[in-house]
Amino acid sequence: QKEVEQNSGPLSVPEGAIASLNCTYSDRVSQSFFWYRQYSGKSPELIMSIYSNGDKEDGRFTAQLNKASQYVSLLIRDSQPSDSATYLCAVNIGGFQKLVFGTGTRLLVSP
Amino acid sequence: DTGVSQDPRHKITKRGQNVTFRCDPISEHNRLYWYRQTLGQGPEFLTYFQNEAQLEKSRLLSDRFSAERPKGSFSTLEIQRTEQGDSAMYLCASSPLVSSSNEQFFGPGTRLTVL
């Protein structure tokens, strides 16, 4: 079992729709969870962080965490073509400072 | 621009050559990380510094790889006797020590191609 798992996609949504991206992780003691956006050929950009169960909203983005189910998700409301990118889920594993990344989900938003 | 900077942005080398990359973290960020990313994969952790101390190192990291942060500011990553499998994007990230959240901010990366 991979430490952090994501569906590679692509996830295709029409402009204006809600995009839902999901991530599961294996380490029950993980405390910090992050979503990064990565455009093709560019480096990852931090867009959301979440540390406690529940929802955290920032603009059009909402991160959701369920530690009991070892599940974290990212919702993007009113999706725009400029949101088309790969979204990487990252988790602190085992109490270490390093982040463990999933392989990313490619999101395509069509006009 | 006060973000993480990396130099060079691109490096093409021949197999067997040594290469060195530099990373300048965000000012006052005590923590510095190196990751490697290949096509279709997420970044893979290589090593972590807190100030000048190297505190974590991936067990997968070959002894051909070495990293330093001598004054607790910029860091260098050296790859000796490069192999074609070393071709990847090498990413540097930094985070502030005072943050318990460990939010890491990435630089633009150095793309290495080994011929």
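Placed above this text is the structure.
Residues numbered from 1 in each chain as written. Chains lettered and ligands numbered in written order. Predicted model: local features only at pLDDT ≥ 70, side-chain atom pairs only at ≥ 80, totals over all residues. Heavy atoms only, no water.

J.: I keep staring at the pairing of strand β8 (residues 75–79) of chain B and nothing clicks. Help me out?
T.: Looking along a regular strand, one sees the side chains alternate between the two faces of the sheet. Residues and elements named next belong to chain B. Counting buried residues in β8 gives 4 out of 5 residues, a clear majority hidden from the surface. The pairing of strand β3 (residues 19–24) with β8 spans 5 bridges and is classified as antiparallel. Pairing of Val19 across the sheet is with Ile79, part of β8. Bridge count for strand β7 (residues 65–68) against β8 is 4 bridges, and the pairing is antiparallel. Counterpart to Glu68 in the pairing with β8 is Thr76. What sits between β7 and β8 in their antiparallel hairpin is a turn of 6 residues, with Gly72 showing a positive phi close to 75 degrees. (Buried < 20%, exposed > 50% of the residue type's maximum accessible area, 1.4 Å probe, protein only. Helix = DSSP H or I, 4+ residues; strand = E, 2+ residues; numbered from the N terminus. Pairing = 2+ DSSP bridges.)

J.: So what exactly am I meant to see when it comes to the pattern of salt bridges here?
T.: Close approach of charged atoms allows side chains with opposite charge to pair. All chains considered together, the criterion is met by 7 salt bridges over all chains. A salt bridge links Arg37(A) to Glu45(A); the nearest nitrogen and oxygen atoms lie 3.0 Å apart. Under the relative-accessibility criterion, Arg37(A) is labelled buried at 13%. The shortest N-O distance in the salt bridge between Arg60(A) and Asp83(A) comes to 2.9 Å. Placement of the pair is Arg60(A) in the loop between β6 (54–58) and β7 (61–66) and Asp83(A) in the loop between β8 (71–76) and β9 (85–92), with a sequence separation of 23 residues. With a relative accessible area of 1%, Asp83(A) lands in the buried category. One salt-bridge network, held together by shared partners, links Arg64(B), Glu83(B) and Asp86(B). (Salt bridge = Lys/Arg side-chain N within 4 Å of Asp/Glu carboxyl O.)

J.: Before we go on, may I ask you to explain the sheet that holds strand β3 (residues 19–25) of chain A in this structure?
T.: Pairing between the strands of a sheet comes from backbone hydrogen bonds, and it takes one of two forms, parallel or antiparallel. Residue and element names in this part refer to chain A. Spatially, β1-β3-β8-β7-β6 is the arrangement adopted by the 5 strands of the open sheet, whose pairing is antiparallel. What marks the edges here is a single partner per strand, and that holds for β1 (4–5) and β6. Relative to β7, β6 runs antiparallel, the two being bridged by 5 bridges. By the bridge assignment for β7, Asp55 is matched with Gln64.

J.: Sorry, what's going on with the sheet that holds strand β1 (residues 5–7) of chain B here?
T.: Residue and element names in this part refer to chain B. On the basis of which strands lie adjacent, the open sheet formed by 4 strands has the order β1-β3-β8-β7 and antiparallel pairing. Of all strands in the sheet, those with a lone pairing partner are β1 and β7, marking the two edges. Across the sheet, the axes of successive neighbouring strands diverge by a mean angle of 15 degrees, strand direction being ignored. Bridge analysis of β1 against β3 gives 3 bridges, and the strand direction is antiparallel. Bridging across to β3, Asp7 finds its partner in Arg22. (Axes fitted to C-alpha atoms, helices over the stretch in contact; angles between N-to-C directions.)

J.: Just checking my understanding: could you explain the interface of chain B and chain A for this structure?
T.: Interface size is commonly expressed as the accessible area that is lost once the parts come together. Each partner contributes to the interface: chain B provides 22 residues, whereas chain A provides 19 residues. The junction of chain B with chain A conceals about 1600 Å² of combined surface from both sides, 53% of it contributed by carbon and sulfur atoms. On the surface where chain B and chain A come into contact, there are 0 salt bridges. Where chain B packs against chain A, one counts 11 residue pairs in polar contact (both at pLDDT 80 or more). (Contact = heavy atoms within 4.5 Å. Buried area = accessible area lost by both parts, 1.4 Å probe. Polar contact = N/O pair within 3.5 Å; in protein donor to acceptor, adjacent residues only side chain to side chain.)

J.: Explain the side chain of Arg31(B) to me, please; I cannot follow it from the model alone.
T.: With respect to the element layout, Arg31(B) can be found in strand β4 (residues 31–37). Buried Arg31(B), no salt bridge; nearest opposite-charge side chain is Glu56(B), N-O distance 8.3 Å. Of the polar contacts made by the side chain of Arg31(B), one reaches the side chain of Gln97(A); its length is 3.4 Å. (Lys, Arg positive; Asp, Glu negative; His and termini not counted.)

J.: Explain the side chain of Ser94(B) here, please?
T.: Residues and elements named next belong to chain B. As for its placement among the helices and strands, Ser94 is situated in strand β9 (residues 88–95). Judged by relative accessible area, Ser94 falls into the buried class, the value being 0%. Side chain to side chain, Ser94 and His29 meet in a polar contact 2.8 Å long.

Fair warning: the whole summary comes from geometry, so function is off the table for now.
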